[in-house]
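Read off the chains here:
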Amino acid sequence: MRTFSAIAGSAAFFIAVPGVVAGLVPWLLTHRWGLPWSNLPGFVSAGGLLIVAAIAALLHAFGRFALEGLGTPAPVAPTERLVIGGIYRHVRNPMYVAVLSIILGQALLFSSWILVAYAVIGAIAMGSFVRLYEEPTLARRYGAEYETYRRNVPGWLPRLTPWRELN
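Residues numbered from 1 in each chain as written. Predicted model: local features only at pLDDT ≥ 70, side-chain atom pairs only at ≥ 80, totals over all residues. Heavy atoms only, no water.

Trainee: Break down the overall build of the protein for me, citing the residues and quoting the values.
Mentor: For the protein, the count of helices and strands is 6 helices and 0 strands. Taken from N to C terminus, the helices and strands of the protein fall in the order α-α-α-α-α-α. Here the C-alpha atoms of the protein give a radius of gyration of 17 Å, agreeing with the 15 Å that 2.2 N^0.38 yields for 167 residues. Counting only C-alpha atoms, the protein reaches 55 × 35 × 25 Å along its principal axes. Scored against the burial criterion, the 167 residues of the protein give a buried share of 38%. Partitioning the intrachain contacts of the protein with sequence separation of at least 6 by distance along the chain shows that 70% fall at a separation of at least 24. Carbon and sulfur atoms form 71% of the exposed surface of the protein, whose accessible area is close to 9,500 Å². Treating the 13 positive side-chain charges of the protein as one cloud and the 7 negative ones as another, the clouds have centres 5 Å apart. (Helix = DSSP H or I, 4+ residues; strand = E, 2+ residues; numbered from the N terminus. Rg over C-alpha atoms; globule rule 2.2 N^0.38 Å. Buried < 20%, exposed > 50% of the residue type's maximum accessible area, 1.4 Å probe, protein only. Contact = heavy atoms within 4.5 Å. Areas by Shrake-Rupley, 256 points an atom, 1.4 Å probe, with all protein chains shown as cover. Lys, Arg positive; Asp, Glu negative; His and termini not counted. Charge placed at Lys NZ, Arg CZ, Asp CG, Glu CD.)

Trainee: So what's going on with the packing of aromatic side chains? Residues and values would help.
Mentor: Within a pair of aromatic rings, the relevant descriptors are the distance that separates the centres and the angle that separates the planes. This model, assessed by the stated rule, comprises 5 aromatic pairs. Ring centres of Tyr96 and Trp156 lie 6.0 Å apart, and the angle between their planes is 35 degrees; this geometry places the pair in the tilted category. Of the two residues, Tyr96 is situated in helix α4 (residues 94-110) and Trp156 in the segment after α6 (144-152); the sequence distance between them amounts to 60 residues. (Phe/Tyr/Trp six-rings, centres within 6.5 Å; stacked < 30°, edge-to-face > 60°.)

Trainee: Pulling in residues and values, what's your account of the pattern of salt bridges?
Mentor: Evaluation of the coordinates by the stated rule reveals 4 salt bridges. Its salt-bridge partner being Arg64, residue Glu68 comes within 2.8 Å of it at the nearest N-O pair. Residue classification places Glu68 among the buried residues on the basis of a relative accessible area of 19%. What makes Arg64 partly exposed here is its relative accessible area of 26%. Of the charged contacts in the structure, one is a salt bridge between Glu135 and Arg92, with a shortest N-O distance of 3.1 Å. On the criterion of sequence distance, the pair formed by Glu135 in helix α5 (residues 113-142) and Arg92 in the loop between α3 (41-67) and α4 is long-range, its members being 43 residues apart. The pair Glu135 / Arg92 is uniform in exposure class, with both members buried. It is possible to trace a salt-bridge network through shared partners that takes in Arg92, Arg131, Glu135 and Arg150. (Salt bridge = Lys/Arg side-chain N within 4 Å of Asp/Glu carboxyl O.)

Trainee: Any chance you could break down α5 for me, citing the residues and the numbers?
Mentor: In α5, a bend of some 40 degrees at Val130 exceeds every other bend along the element. All buried positions along α5 are accounted for by Leu115, Tyr118, Ala119, Gly122, Met126, Val130, Glu134, Glu135 and Tyr142. Its buried side turned inward, α5 meets α2 (18-30), α4 and α6. Among the residues trailing α5, Gly143 stands out with phi positive, at a value near 55 degrees. (Bend = angle between axes of the 7 residues up to and from the residue.)

Now the structure itself:
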């Protein structure tokens, strides 16, 4: 039952937060979804590939929260265990990185400077939230385990080789 609740909660949070931040708001800013016209087809292809890869990473990260952590990304229903498997062995904040990548992919896809500006504002907001709330909360909740993880896995630029936890 705990796993089902974690999956359901994570799915609801996925729709409510990344769905709005990386889906609804970009659409409201550009009023575009679908296949764009562009003079720079390479940017269109890169944007589409970035969006697809970022959505896959985002789904993987949400799955890790539900199945490995037995919780959700929502602060009101946190994980029981620190999530450090899968994509979390490469970067500590894969959800934020993925959401920003989706927005930047849309900026490329639609040749939209307003989405680039939105991504910059989003990055500042997300970075501030991580620094001021998430990191102190995780340090209190998971103690030395989180500090070891934090020292070995970068927050925003993924490491190429996965971190191997030493037991």
